[in-house]
Amino acid sequence: MFFSPRRGLLLRLQTIKQITTPGIAPLVWLAETALSPALPSYCLDYRQLILMNDDISSLLNDLNDAQREAVAAPLGQQRVLAGAGSGKTRVLVHRIAWLCQVENAGAHNILAVTFTNKAAAEMRERISQLLGRSPQGMWVGTFHGLAHRLLRAHWQEAGLQDGFAILDSDDQLRIVKRVMADLGLDDKRWPPRQAQWFINGQKDEGLRPRHIQPAGDLFLTTMAQVYAAYEDACRRQNAVDFGELLLRTLELLRDNASLLEHYQRRFRHILVDEFQDTNAVQYAWLRLLAASASSLMIVGDDDQSIYGWRGARIENIQQFNLDFPQTQTIRLEQNYRSTATILKAANALISNNSERLGKNLWTDDPDGEPIRFYQAFNEQDEARYIVEVIEQALRQDGYRRQDIAILYRSNAQSRALEEALLRASIPYRIHGGQRFFERLEIRNALGYLRLLRSRHDDGAIERIINVPPRGIGEKTVAHLREYAREHQCSLWTAMQQLVGQRLLNGRACNALQAFMLLIEQLEIATEELPLHQRTRHIIEHSGLLTYHKEEKGEKGQSRVENLEELVTAAQAFSYQQEEGEELLPPLVAFLDHAVLEAGETQAEQHEDSVQLMTLHSAKGLEFPLVFMAGMEEGLFPHKMSMDGAGGLEEERRLAYVGITRAMQQLYLTCAESRRLHGQENYNPQSRFIREIPSELVHSVRMQQSGTSSHGSGSSLFHGSSVPDTPFTLGQAVSHPVFGEGVVLNFEGAGAQARVQVHFSGEGSKWLMLSFAKLEPL
DNA sequence: GCCGTCGCATTTTTT
DNA sequence: ATGCGACGGC
């Protein structure tokens, strides 16, 4: 019968599933109706049915109904709205296994796309785990990684030259600056960063300079001019930036029918993670590739779209069904991460947004602790409070430091928090600092490697021509640039010719000649060496090592360490040649790797530490104990985001992301006054606080007496008690008329004692303790 | 060519 | 407040 070959049974499962109506347990129905003649009568539950086959039971058994529906969905288009903590990656990975094992897809028929290298690595890892082998031939990667791969394979059709280089945003900015200077644009009036932003924005939208209609607008005219000149410069240098990787790939597929067809035939099954973050080009790219695919599953959450400001289009997920009318939408709403209280808060908050696809997170778990809200006097007090709670959580509640995260809207907020943690000797780690391959010393070393790859890498020359200092000054470099521009050649060529023709003064000539000789010598000496030895040789013989060693202070020390780390990284770098790919020289592959995967933010600290990061970088993570600091109007929602349409909603989604990071306990804090950019600000509480139902929030007024355990730094307010009374400065109190307040100050003692109390509604008042019915809270 | 000083801006970040 | 970038003096 048809269940003996596994595939037959499962195909039947599929077919039946498609025609069942929602609401009726489809698989039970299936068992009864479709298979009953062939099955023993006890087989009424699909679980038993499924259990007849080991492969499939392992795929579906530990999933909830919605997850199972997504994993076992019929071919075609699925939009999975995966709420925070709803097992999204799990569904993706199981779906891939399902496609392989049930739909008979070969690994090479599958394309799985993510946004970050981290997500791609995790997915690859989990697929291997589930399949019990590495998914040979499957394309699992980031948009940029996959685009890069396509361009390397088809550089000719894409209009590139072989061995093109990838620019990171730093290189990009350098080129933009160069180009703008050449155009004679005043960089005061036209900040290069703005132009860079503009160019990237256009590329994200799929627009080339010729698509821009300036319509007399000076800004647009100028920017289009810069954009065009920048494109020229990139072409001359045989370099592509991040946006170009995507746009070029889109154009490649769009304009090469046979190539497109080839990949369409190959990728029968396409899966996309974090779909709410796709920009216009990425979406267009997917639509092309998936036009005739057997299945397309997009997974995402419109409520977690927080990258609109860098080109992500929330409409891509919201209106996906317009482009793919057959789309089936599946909601993953059961949350396995947070307490019911936290989920209720998140649901309530996000319900203030309009245009949502709609989703309501729920959990089987109990309510848990209420959310705590603390309003501090200033940012120091806020940090002090957070650290106190952390100390207690570590001491009494058995939290590890890595269970705890402090989230904030902007990086500037981290300082006060760091200081307080430092004072309390609590190890912490800040995410989002400089990344490994972006460090100055690393970029310098890579500059030399880049020159070994190609002498015509102008960016690399500009970076290292005088690092370490070797007597080649700005003037000389300016000559080179001038010559290169006139003759439309690279800086290296310009150098050769200027030196050859003795067109520069003797000193400059000698210096340049020495530099060229150095590069040639590095090349000759290391040609045959393995990558890491090559790297080491270059670091040592370029003078970089000595140069950084002699830098004063800790800086030099850590730079030397990083250079050593680079050698280790080169050694650890093993380049996996994929099938059908030309073999890249290890050096080239390593340089690509350095740009595309700029490495962890901070060298992995293995010490257990409290995690500090912005709300943006917290996306995708979870922590048992979460603090959201700086819940103030103007800061969060940030005032800069309040103008554009949808800006406030994106901020709210950011708040939603923050809240849903918390597993057990969530603390919200704000400060009545905050010093920012050297200016004292008085911001009202964030509206997001008010959007959380008050019954979920427990307001902790000022710190309870006696717990101020250390660091009197900002605690003038705290600790000292009002004589002969149960009151302490900073203590939360309640008054029958004025409500809840905080003791700010006192004078007198005994029957004469008066206290100044700040009431949130009423402001500050002086009260005679003997009359006022003041209760400690 | 290098170092110091002044002025200015200052949300969020990946690839 | 602070850091980075541009400019000017040695």
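Residues numbered from 1 in each chain as written. Chains lettered and ligands numbered in written order. Predicted model: local features only at pLDDT ≥ 70, side-chain atom pairs only at ≥ 80, totals over all residues. Heavy atoms only, no water.

### Regarding the pairing of strand S7 (residues 295-300)
Taking burial as the measure, the 6 residues of S7 include 6 buried ones, the bulk of the element. Neither face of S7 is left uncovered, since the one carrying Ser295, Met297 and Val299 and the one carrying Leu296, Ile298 and Gly300 both have all their residues buried. In this structure, strand S1 (residues 76-82) lies alongside S7, joined through 6 bridges in parallel fashion. Counterpart to Gln77 in the pairing with S7 is Leu296. Direction of pairing for strand S6 (residues 269-272) relative to S7: parallel, over a ladder of 4 bridges. Bridge pairing links His269 to Ser295 in S7. Each parallel crossover has a hand, and the one from S6 via helix H14 (residues 280-289) to S7 is right-handed. (Buried < 20%, exposed > 50% of the residue type's maximum accessible area, 1.4 Å probe, protein only. Helix = DSSP H or I, 4+ residues; strand = E, 2+ residues; numbered from the N terminus. Pairing = 2+ DSSP bridges. Right-handed = clockwise from strand over helix to strand, strands pointing away.)

### As for the packing of helix H10 (residues 192-204) against helix H11 (residues 218-237)
Between H10 and H11, the shortest axis-to-axis distance is 10 Å and the interhelical angle comes to 80°. One element, H10, and the other, H11, form an angle in the roughly perpendicular class. For the pair H10 and H11, contact is made by Gln194, Ala195, Phe198, Ile199, Gln202 and Lys203 and by Phe219, Leu220, Met223, Ala224, Val226, Tyr227 and Tyr230, respectively. A per-class count over the contact of H10 with H11 returns 10 nonpolar, 2 polar and 1 charged. (Axes fitted to C-alpha atoms, helices over the stretch in contact; angles between N-to-C directions. Parallel < 35°, antiparallel > 145°, perpendicular 65-115°, else oblique. Contact = heavy atoms within 4.5 Å. Nonpolar A, V, L, I, M, F, W, Y, C, P; charged D, E, K, R; others polar.)

### Points about the nonpolar core
Membership of the largest hydrophobic core comes to 62 residues, with the highest contact counts inside it found for Ile270 and Val272. Counting residues per element, this core draws most heavily on H11, at 8 residues. Leave out the neighbours within four places in its chain, and Val272 touches Val113, Phe143, Leu286, Leu296, Met297, Ile298 and Val299. Tyr483, Leu504, Leu587 and Ala589 belong to the second largest nonpolar core, which has 54 residues in total. (Core = buried A, V, L, I, M, F, W, Y, C linked by side-chain atoms within 4.5 Å.)

### Description of the pairing of strand S2 (residues 110-114)
Buried residues dominate S2, accounting for 5 of its 5 residues. What you see with S2 is no split at all: Ile110, Ala112 and Thr114 on one side and Leu111 and Val113 on the other are buried throughout. For S2 and S6, the ladder comprises 4 bridges, and the chain directions are parallel. Its bridge partner lying in S6, Ile110 is registered against His269. Across 4 bridges, S2 lies against strand S3 (residues 139-142) in parallel orientation. Bridging across to S3, Val113 finds its partner in Gly141. Between S2 and its parallel partner S3, the chain crosses via helix H7 (residues 117-131), and the hand of that crossover is right-handed.

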